[in-house]
Structure formats: C-alpha cells, structure tokens
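Close look at the chain arrangement
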Amino acid sequence: MKVTYFGHWSYLELETIKDSSLSVQGKQWSDGQVLCEMSPRIAQIRLVSSHRVVYEPCDDSFALVDALLADQANLLQHRPKLCMELGCGSGYVITSLALILGKEGLFIATDINPHAVRVTQETLEAHGVHAELINTNIASGLEKRLAGLVDVIVVNPPYVPTPEDEVGREGIASAWAGGENGRAVIDKILPVADNLLSEKGWLYMVTLSENNPSEICLQMREKGYDSRILVQRLTDEESLQIIKFWRDVDSQSEAKEMATNKTVPSRVMETLRSQFPRMSFLGSNNSNSS
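The paragraphs below set out a description of the structure included in this document.

Cut-offs and rules
- Residues numbered from 1 in each chain as written.
- Predicted model: local features only at pLDDT ≥ 70, side-chain atom pairs only at ≥ 80, totals over all residues.
- Heavy atoms only, no water.
- Helix = DSSP H or I, 4+ residues; strand = E, 2+ residues; numbered from the N terminus.
- Buried < 20%, exposed > 50% of the residue type's maximum accessible area, 1.4 Å probe, protein only.
- Areas by Shrake-Rupley, 256 points an atom, 1.4 Å probe, with all protein chains shown as cover.
- Contact = heavy atoms within 4.5 Å.
- Salt bridge = Lys/Arg side-chain N within 4 Å of Asp/Glu carboxyl O.
- Pairing = 2+ DSSP bridges.
- Right-handed = clockwise from strand over helix to strand, strands pointing away.
- Core = buried A, V, L, I, M, F, W, Y, C linked by side-chain atoms within 4.5 Å.
- Axes fitted to C-alpha atoms, helices over the stretch in contact; angles between N-to-C directions.
- Parallel < 35°, antiparallel > 145°, perpendicular 65-115°, else oblique.
- Left-handed = near helix turned anticlockwise from the far one by under 90°.
- Nonpolar A, V, L, I, M, F, W, Y, C, P; charged D, E, K, R; others polar.

A few points about the overall build of the protein chain
Of regular secondary structure, the protein chain possesses nine helices and 11 strands. Of all 290 residues assigned to the protein chain, the portion counted as buried reaches 50%. As displayed, the protein chain offers around 14600 Å² of accessible surface, 48% of which is attributable to carbon and sulfur atoms.

Side note on the environment of Asn156
Within the secondary structure, Asn156 is located in the loop between strand S8 (150-155) and helix H6 (186-196). Sequence separation between Asn156 and Tyr204 is 48 residues; the distance between their C-alpha atoms is 8.5 Å. When sequence neighbours within four positions are dropped, the list of residues in contact with Asn156 reads Tyr55, Asp60, Ser61, Leu64, Leu86 and Val206.

Details of the pattern of salt bridges
By the definition in use, this model includes eight salt bridges. Between Asp187 and Arg183 there is a salt bridge, and its shortest N-O distance comes to 3.0 Å. Among the residues examined, Asp187 registers a relative accessible area of 36% and is labelled partly exposed. A salt bridge links Arg183 to Glu215; the shortest N-O distance between them is 3.1 Å. Placement of Arg183 in the loop between S8 and H6 and of Glu215 in helix H7 (residues 213-221) is noted, with a sequence separation of 32 residues between them. When salt bridges that share partners are traced, they join Arg183, Asp187 and Glu215 into one network.

A closer look at the pairing of strand S7 (residues 132-135)
Relative to S7, strand S6 (residues 106-111) runs parallel, the two sharing four bridges. In the strand pairing of S7, Thr110 is matched with Ile134. On the question of chirality, the crossover connecting S6 to the parallel S7 by way of helix H4 (residues 114-127) is right-handed.

Considering the nonpolar core
Within the largest apolar cluster, 66 residues are counted, with the highest numbers of intra-cluster contacts made by Met84, Leu97, Ile153, Leu203, Tyr204 and Phe245. Look past the residues within four positions of Ile153 in its chain and what remains in contact with it is Met84, Leu86, Ala193, Leu196, Leu197, Trp202, Leu203 and Tyr204.

Considering the pairing of strand S11 (residues 239-247)
Of all nine residues in S11, seven are buried; the element is thus mostly enclosed. Bridge analysis of strand S9 (residues 197-208) against S11 gives seven bridges, and the strand direction is antiparallel. Along S11, the bridge assignment pairs Leu208 with Leu240. Here strand S10 (residues 225-234) pairs with S11 via nine bridges, running antiparallel. Bridge pairing in S11 links Asp226 to Trp246. Connecting S10 to the antiparallel partner S11 that follows it, the hairpin turn spans four residues.

Remarks on the packing of helix H1 (residues 59-70) against helix H3 (residues 92-100)
Between H1 and H3, whose axes approach to 10 Å, the crossing angle comes to 15 degrees. Taken together, the axes of H1 and H3 lie roughly parallel to each other. The hand of the H1/H3 crossing is right-handed. Together, Ser61, Phe62, Leu64, Val65, Leu68 and Leu69 of H1 and Tyr92, Val93, Ser96, Leu97 and Ile100 of H3 make up the contact between the two elements. Residue classes in the contact of H1 with H3 are distributed as nine nonpolar, two polar and no charged.

Here is the structure:
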C-alpha cells in the first residue's frame, strides 16, 4: 500500500482491494489500480466560509498550519485534551488543528468579532469537526475557568505595526492592527496564554520580524518557557516566524535566576541569538551576566 499526497488531500494508491475490512470508495484505473480519496489533512480553502469583515486565510494562516503539520508527530504523541485558538477568524486554523489531531480532545475558539464566530462555525461544520465557539476578547471570562487546563493554544494575533488608535477598532482592520511595533495585542495575549496553559501546555504563535520576536521569546523565558522557530516564511511584504513555546524545567530555573539577579544569563542570550541572528535584542547591559 502506497500513500501519495496531492496538495492537502491524501490518497491511497492500491493495486488491488482484497481486504473486505477496507471501506473505501475510489476510481478504477485502466491498469487495475484504484485511487481512493481519504479525509483531508487540513482545512480545505474551498470549504472555508467568509464574510466581508472577517480575515480570510492568508500567508500567515498557511504558515501557522504548516507549523502544526511540521509538528504533527509531536502533537499526536502529546495527546492534548483541550486545544484553543485565540482569534479564530475564518476558522481555518482551528479546523485544521482538529483534523490534524483526528478530532480527538476538546476544541475551543474565541474571537471578538461575532461575524468571525459565525464564519468559523460554518467552516467547522463543512469539515465535519466541532469546537466550542465564544464571542469574547482574547479569553475574557474564561481565564479563571480554564486556568492551567489548556494543552495547546494557537494564535495568529494582530501583529502589523499601526497607529495605536487603530487597535481594536470595529471592522476587519482589527484582525491585523497591532499598534506600535505590532505588539499591542501580542503583549496582552502572552500573560493570558501563560495563565491558560497546563503544565504540559504548548503555544504556537505567528510573529513578524518587526514585533522583535527575540524579545518575545525572552519575555516567555522569564516565565519559564523554552521556544523554537518551527517555520520561517518570507513573503513580498512580510518576514514571518511561527514560534512554539513550552514549559521547560531549565527555563524555569533560568527565570528564577533572572528574577533574582535582574539580568539575562549569557547562555540565554546565546540561545536566542542562534535562532534570531539578524534581529535586535535588548540593550547590552542585559546580556553581560554570567
């Protein structure tokens, strides 16, 4: 049996079908082979719903889902019980995550835009998967109930540098307007994610080079998280990084050291520099510690 992938759909190419336990539907080839269409690995664009004030899947959405696919083996082994998307938009990412995980576990998605909640519901239904959908800002009203319970969080935040007064406005611009350095919403999301994540929790986040992702990683390091870039993508307009964060014993020890000494250990800076060699860091006075 040979598995061949065409785009985002997987197909089985079988010379013969003799096993009656196989329930497949396919097309008979002239040479006797059968092409069998199986379930999609991720959400199909043709089945993603839309609305004029809802952000449609774009390069950043595709990069985030590619990162989840790249980490699929680890995700399956991780066996998350509760997964959550903060800012679900069209539903492309949360639907893809549910398909990648084989519909196992519980899924929650939030969005401040009520139209996005409806569009996500339609996208989920079109793919035969389910998630609890909540119209709220980030995770407002959920933080106490879900504190320490979420095993996977995915987020494609508003990261585009814009004037501060554009952040949170009504309309589709709120999906990308990130304020100064594109960090206005990201900096609100990080502590919320830290509160929601379980001890084995993972966070997958889209960042832009202008967001200073090395500084984001350092902030999460101070909370006891290690990090790794899963996908880097350079488009005509943006340089994107999809970063995975997870709680780490060594990082937690370093976090205590940083809190005590008020400085960043040189080994931490070296680790970050290895991931972000061309990006700016905090002032040198923070990187001279041992």
